[in-house]
Amino acid sequence: MKRRYRQMNWFYLPALLVMLLFVAYPFLQTAQISLMRWNGYGKVRTFIGLDNYISMFKDANFFLSFRNTLIYGICCTLLQNVFGLALALLVNSRFKGNGLVRTIVYMPIMIAGVVMGYIMYFFLTFNRGILNDILLVFGVQPRDWLSSPFYAVLFITLINSWQYVGNSMVMYLAGLQNIPTAYYEAAAVDGVSTWQGFRHITLPLLIPSIQTCVITNLIGSLKLFDVIVSLTNGGPGHSSQSLATYITNRYFVAEKAGYAAAIGVFTFFFIMILSNVLNRYFAKKEVQY
Amino acid sequence: MKKVLALVLTLVLAFGCTSAFAAASIEVETTYTDANLDVVTEIAKAFTAETGIEVELIAPGSEYETVMKTRMSSGDLPDVWETHGWAVKRYSEYLASLNDQPWVSRMDPSAASIVTAEDGTIYGCNLTQSMGGCIYNIDVLTEAGVDPAAIHSLQDFYDACEKIKAIGKVPVYIGGKDSGNCAGFMAAIASAMLTAKGNKYDQGAALLDGSFDWETYGTYVMQEVANMVNNGYINTDFTTADTMAQCTAVGAGDCGFLWRHAQNITWARQYVPDANLGFMPYPSFSGEGMAFMAGEAYCLGINKETEKKEEAAKYLEFVSRPENIEKMCRATGALPGFTDVTVEGDYAIDAFRKAQEMYADVVEYTNLFDRQYFPNGMWGVMGESITMVVMDPTETGIAAAVENLKVNYQEKKEADGK
């Protein structure tokens, strides 16, 4: 038996090697760079200890990016899950045009995030923007929507949530279709209302789907990059930067690779701890049937 | 039988993976996209037809600098790449010397000087030159009653801005979403105030030796930008407008001026084909001189560690033939960097030639401000600082922008070891 287990171990070796090569090794390199002063391409690297980390905690733009990252992470996750579940419940019922609704909701995922950002940029831009042109027809003066930090963050959140809500819908739909109908039938005999059925049967049995959706949406939104770059480029100023875009900005624009790496290390640990906490929380909520 | 088959297949695979039977090829990284890339591709195909050497073109578009920095840091540079304004300052430690190449003597002295290091080593084949200046919409200036030939000093320029503002147009348009547009603007203002002929404070030497007083002179420069914002000379959608927006604005007559290189004229006419545009050098503080800022446009260098140096050199020789340079100039609106190339009938180049005549008595040609006076890596910082001032044109915003410039200038100067 032990020999058989030993043989089984070989099966996960390729995955382990890939993880070591593409996750562990780059991470260790990033951690090493975070202790250096380096422009990101030159041959001279100077060891400066923890100076980059100290600078990070003194940098107002870092905290702004961190705050935005939390907004993108929490708000996008909430919106995607609430609307994803609602849409899954809708398309799980029988009605004419069900397939069309699924296709329309899922379609935005097929567009690359960066392309979606540019499409929305042309929609929201001040001069010749589609939204302003429409508003002008109704006598509303054009407005430079993305020049306001509030609207910039709001539009990024809404666009990202809308683009990926189809993903949550599909995951919840799979979860809903796995719930045995016998539970609902028994509940109906007992006179349980629709809301009570949803609250006491559907939700508890959907915990594995909720866990998967929340964790994947949260990690995706915390790493949000492409829509921000194409829609606002982190602006106005640094007002809509996420940690991911700020890392790129510091690395390639400010040419401070060591500093960018320090933010990268912080982001890695932040997302890892948050994911673990959420995983443990949902594991406790899981029910067996 | 199976073993023999396996052995044969293994050998075929092994040979397939080697370059033993592969045609000679070189990897060339280019900044160009769209129609400009078509011309680069056409030239590369003609090169392959003549020499049998394949050219693998890589065009990362707007991510060019990012990709090149990544490739530099990972030691994975292509055989030939566009130096994009950085032949000496950024890429020289990775580039081969080109002093012995047959085309060197044909390079225009001003184009050659940009790609030549202090020790005389030539690092780039500067096929076309980028020329920074003020692009203006002729119709807007006519409507506002502004004579561009009468603009020499910053004050003349501000007077023109007032007239343009009076007819309800934006005097100066900057696509601030793209950091390079802001950096280019700062380079022009700083040059007019600090270093160009007719400047006010004559700080070139101090900038070079590191004794530059940022609190005093840096503040003067940023105050000048803040004044332009406070006087309503800059577009209100500065932070969200991109390069396409700024080119469309000047082409469509939404604004009077664009402070950027002449290729923007070509791009503006791609968006607005009947755009009526002119070009002039940057005004100086006193008006005593005016400056065109020359830089690399289509400039190629060879990786000093490539094993295909001979093939790469042949490629540069081919691309530098007059007919190929002319094609690039026509496609991009850049000026030829070689003395034996003349381009007639190109809108952007003709506008530049007219400006040369119009300002013949005052014009001078300078290198890009940051390439000459700043340590390596300040371009992005300049863009960021201009954005800070435009977003907050008060004393606080100016002080923050000056501090940002000062800290980065000192850090990068120290890192450069100069």
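Residues numbered from 1 in each chain as written. Chains lettered and ligands numbered in written order. Predicted model: local features only at pLDDT ≥ 70, side-chain atom pairs only at ≥ 80, totals over all residues. Heavy atoms only, no water.

### As for the overall build of chain B
Phase 1: If you tally the helices and strands in chain B, you get 17 helices and 13 strands.
Phase 2: Taken against the 2.2 N^0.38 rule, which gives 22 Å for 418 residues, the C-alpha radius of gyration of chain B at 23 Å falls within 12% of a compact globule.
Phase 3: For the C-alpha atoms alone, the extent of chain B along its principal axes is close to 90 × 45 × 45 Å.
Phase 4: For chain B, the proportion of its 418 residues judged to be buried stands at 57%.
Phase 5: Within chain B, contacts between residues separated by at least 24 positions form 73% of all contacts whose residues are at least 6 apart in sequence.
Phase 6: For chain B, the exposed surface amounts to about 16700 Å²; the carbon and sulfur share of it is 53%. (Helix = DSSP H or I, 4+ residues; strand = E, 2+ residues; numbered from the N terminus. Rg over C-alpha atoms; globule rule 2.2 N^0.38 Å. Buried < 20%, exposed > 50% of the residue type's maximum accessible area, 1.4 Å probe, protein only. Contact = heavy atoms within 4.5 Å. Areas by Shrake-Rupley, 256 points an atom, 1.4 Å probe, with all protein chains shown as cover.)

### Quick word on the overall build of chain A
Phase 1: A count of helical and extended segments in chain A gives 13 helices and two strands.
Phase 2: Summarising its shape, the C-alpha atoms of chain A cover approximately 75 × 75 × 30 Å along the three principal directions.
Phase 3: The buried share of chain A, taken over its 289 residues, is 42%.
Phase 4: Long-range contacts, defined as pairs at least 24 residues apart, comprise 69% of the intrachain contacts of chain A with a sequence gap of at least 6.
Phase 5: When the accessible surface of chain A is summed, it comes to about 16100 Å², and 69% of that surface belongs to carbon and sulfur atoms.
Phase 6: The centroid of the 21 positive side-chain charges in chain A is displaced by 10 Å from the centroid of its 9 negative side-chain charges. (Lys, Arg positive; Asp, Glu negative; His and termini not counted. Charge placed at Lys NZ, Arg CZ, Asp CG, Glu CD.)

### Points about the packing of aromatic side chains
Phase 1: Summed over the entire model, instances satisfying the criterion amount to 46 aromatic pairs over all chains.
Phase 2: Here the aromatic rings of Tyr121(A) and Phe122(A) are separated by 5.7 Å at their centres, their planes lie at 65°, and the arrangement is edge-to-face.
Phase 3: With relative accessibility at 2%, the residue Tyr121(A) sits in the buried group.
Phase 4: With a centroid separation of 5.4 Å and an interplanar angle of 40°, the aromatic rings of Trp259(B) and Tyr282(B) are classed as tilted. With Trp259(B) in strand β7 (residues 255-261) and Tyr282(B) in strand β9 (residues 282-283), the pair connects residues that are 23 residues apart, well separated along the chain.
Phase 5: On the basis of relative accessible area, Trp259(B) is assigned to the buried category, the value being 3%.
Phase 6: Judged by its relative accessible area of 5%, Tyr282(B) falls in the buried class.
Phase 7: Aromatic rings pair up to connect Tyr201(B), Phe212(B), Trp214(B), Tyr217(B), Tyr220(B), Phe369(B), Tyr373(B), Phe374(B) and Tyr409(B) into one cluster.
Phase 8: Above the ring of Tyr347(B), the side-chain terminus of Arg269(B) is found at 3.7 Å from the ring centroid. (Phe/Tyr/Trp six-rings, centres within 6.5 Å; stacked < 30°, edge-to-face > 60°. Lys NZ or Arg CZ within 6 Å of the ring centre and 35° of its normal.)

### Overview of the interface of chain B and chain A
Phase 1: On the side of chain A, 32 residues touch chain B, which itself brings 30 residues to the contact.
Phase 2: Both faces combined, the contact of chain B with chain A buries some 2500 Å², and carbon together with sulfur accounts for 47% of it.
Phase 3: For the chain B face of the interface with chain A, the top three residues by lost area are Lys69(B), Lys177(B) and Thr240(B), together amounting to 24%.
Phase 4: Where chain B packs against chain A, one counts six salt bridges.
Phase 5: Its salt-bridge partner being Arg90(B), residue Glu255(A) comes within 2.9 Å of it at the nearest N-O pair.
Phase 6: Summed over the shared surface of chain B and chain A, the number is 18 residue pairs in polar contact (both at pLDDT 80 or more).
Phase 7: Only α3 (64-73), α10 (243-252), α16 (379-391) and α17 (395-416) of chain B provide two or more residues apiece to the side of chain B that touches chain A. (Buried area = accessible area lost by both parts, 1.4 Å probe. Salt bridge = Lys/Arg side-chain N within 4 Å of Asp/Glu carboxyl O. Polar contact = N/O pair within 3.5 Å; in protein donor to acceptor, adjacent residues only side chain to side chain.)

### Points about the side chain of Asn126(B)
Phase 1: With respect to the secondary-structure elements, Asn126(B) resides in strand β4 (residues 125-126).
Phase 2: For Asn126(B), the contacting residues outside a window of four places in its chain are Met107(B), Ala111(B), Ile114(B), Val115(B), Glu296(B), Ala297(B), Tyr298(B), Cys299(B), Gly337(B) and Phe338(B).

### A word on the pattern of salt bridges
Phase 1: Counted under the stated rule, the structure contains 17 salt bridges over all chains.
Phase 2: Across the pair Glu317(B) and Arg321(B) runs a salt bridge whose closest N-O atoms are separated by 3.2 Å.
Phase 3: Since its relative accessible area comes to 30%, Glu317(B) is described here as partly exposed.
Phase 4: You can call Arg321(B) partly exposed: its relative accessible area is 22%.
Phase 5: Residue Glu326(B) pairs with Arg330(B) through a salt bridge whose shortest N-O separation is 3.2 Å. Separated by four residues within a single helix, Glu326(B) and Arg330(B) lie in helix α13 (residues 322-332), roughly one turn from each other.
Phase 6: What you see here is one network of salt bridges that share partners, running through Glu255(A), Glu65(B), Lys69(B) and Arg90(B).

### Focus: the confidence of the model for chain A
Predicted coordinates in regions of low pLDDT should not be interpreted in detail.
Phase 1: Averaged over chain A, the pLDDT score is 91; the fraction of residues at 70 or greater is 99%.
Phase 2: Here helix α1 (residues 2-33) of chain A is the element of chain A with the lowest mean pLDDT, 88, and helix α2 (residues 51-56) of chain A is the one with the highest, 96. (pLDDT = per-residue confidence, 0-100.)

### Some words on the sheet that holds strand β2 (residues 54-58) of chain B
Residue and element names in this part refer to chain B.
Phase 1: If you trace the five strands from one edge of the open sheet to the other, you get β2-β1-β3-β11-β4, paired in mixed fashion. Edge strands, defined here as strands with exactly one partner in the open sheet, are β2 and β4.
Phase 2: Bridge count between strand β3 (residues 80-82) and strand β11 (residues 299-302): three bridges; the pairing is antiparallel. Bridge pairing in β11 links Glu82 to Leu300.
Phase 3: Of the strands in this sheet, β1 (25-29) and β2 are in contact with helix α2 (residues 34-51), which crosses β2 at around 160°. (Pairing = 2+ DSSP bridges. Axes fitted to C-alpha atoms, helices over the stretch in contact; angles between N-to-C directions.)

### Things to note about the nonpolar core
Phase 1: Counting residues in hydrophobic clusters, the biggest one holds 143 residues, and the most contacted among them are Val172(B), Phe185(B), Phe257(B), Trp259(B) and Tyr315(B).
Phase 2: Summarising the domain contributions, this core has at least three residues from each of domain 1 (2-127 + 297-342) and domain 2 (132-292 + 355-416) of chain B.
Phase 3: For Val172(B), the contacting residues outside a window of four places in its chain are Phe157(B), Cys161(B), Phe185(B), Met228(B), Tyr233(B), Ile234(B), Asn235(B), Phe257(B) and Trp259(B).
Phase 4: Grouped together as the second largest cluster of nonpolar side chains are 38 residues, Met169(A), Leu173(A), Leu176(A) and Phe270(A) included. (Core = buried A, V, L, I, M, F, W, Y, C linked by side-chain atoms within 4.5 Å. Domains from an automatic or database assignment.)

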